[in-house]
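# Structural features, examined
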Amino acid sequence: MTARLILPLLCLLPSLAVAAEAIDPSRIVSAATGDWDKDGASDLALLVKPEDGTDEDNGVYIYLAGEDGPLTLKSAIPNKVWGQYGMAGQAPTITALANGSLVITTHNDAIGRDRWEQKLTVAYRNFDFVVAGYTYASYDTLEPNNTAQCDLNVLTGKGKANDKPVIAKGQLVLLKDWTDDRGQRACGIQ
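Residues numbered from 1 in each chain as written. Predicted model: local features only at pLDDT ≥ 70, side-chain atom pairs only at ≥ 80, totals over all residues. Heavy atoms only, no water.

On to the overall build of the chain. Counting secondary structure elements, the chain contains 2 helices and 14 strands. Within the chain, counting contacts between residues at least 6 apart in sequence, those at least 24 apart form 37% of the total. For the chain, the exposed area adds up to about 10,400 Å²; of that, 51% sits on carbon and sulfur atoms. (Helix = DSSP H or I, 4+ residues; strand = E, 2+ residues; numbered from the N terminus. Contact = heavy atoms within 4.5 Å. Areas by Shrake-Rupley, 256 points an atom, 1.4 Å probe, with all protein chains shown as cover.)

As a further point, take helix 2 (residues 180-187). Among the residues making up helix 2, those that are buried are G183, Q184 and C187. Along the axis of helix 2, the buried residues cluster in a sector spanning 100°; they form a single face. Contacts from the buried residues of helix 2 go to strand 9 (114-125), strand 10 (128-140), strand 11 (147-153) and strand 12 (158-161). Count one or two residues on from helix 2 and you reach G188, which has phi positive near 70°. (Buried < 20%, exposed > 50% of the residue type's maximum accessible area, 1.4 Å probe, protein only. Arc of directions from axis to C-beta.)

A separate point is the sheet that holds strand 3 (residues 28-34). Spatial strand order, 3-4-5-6: 4 strands in an open sheet with antiparallel pairing. The sheet is open, and its two borders are formed by strand 3 and strand 6 (71-81), each paired with just one other strand. The sheet shows a mean angle of 15° between the axes of neighbouring strands, direction not considered. Pairing geometry for strand 5 (residues 58-65) and strand 6, over 7 bridges, is antiparallel. When the bridges of strand 6 are listed, V60 appears paired with I77. (Pairing = 2+ DSSP bridges. Axes fitted to C-alpha atoms, helices over the stretch in contact; angles between N-to-C directions.)

This next bit is on the nonpolar core. In this structure, W36, I62, L102, F129, Y134 and L175 are the most contacted members of the largest nonpolar core, which totals 29 residues. Among the elements of the structure, strand 3, strand 4 (43-48), strand 5, strand 6, strand 8 (102-108), strand 9, strand 10 and strand 11 are those that each provide at least two residues to this core. With 4 residues, the top contributor of residues to this core is strand 10. Apart from residues lying up to four places away in sequence, W36 is in contact with D43, L44, A45, I62, Y63, L64, A96, G100, S101, L102, Y124 and F129. Judged by nonpolar contacts, the second largest core, of 10 residues, contains I28, A31, L46 and Y63. (Core = buried A, V, L, I, M, F, W, Y, C linked by side-chain atoms within 4.5 Å.)

Pasting the structure below:
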């Protein structure tokens, strides 16, 4: 969902404050709605680009609807998601899955010879947001046979890397604690 489409929705939502600061709607670059905590109410997840002039990455802000409807900030994770807006082929996105999970996609489809896409599947477990899945694919534009693929269930530690079984230690990793090298190590793609 683009920022242009989500802005009218934001006008209807109560207080989108991070600590004492409201999020400037012009910084919202991707948004998704769904029922993350499976309580029957529509929740909201945002990717927010950093303030101009900083070298930080994009932030993830996740809101849960309360019993009486207002959204409450559940998770504020600034400087978390790589990607650039205004640069073709590098804009991250956040989308909702039908099962109530989120997918955060980052990629480089335009710069250099190494092209890649990474997806984090985020689920609400034990009253917080965890990385449930890690998917990665890459290729070299100058060496077409130089590719890598991995699909890992982070919770169980089972998956496939380059069509071979991968077994890692299953973990409950909070989104705020996740680092991309954790998935890359498990998949053997570092």
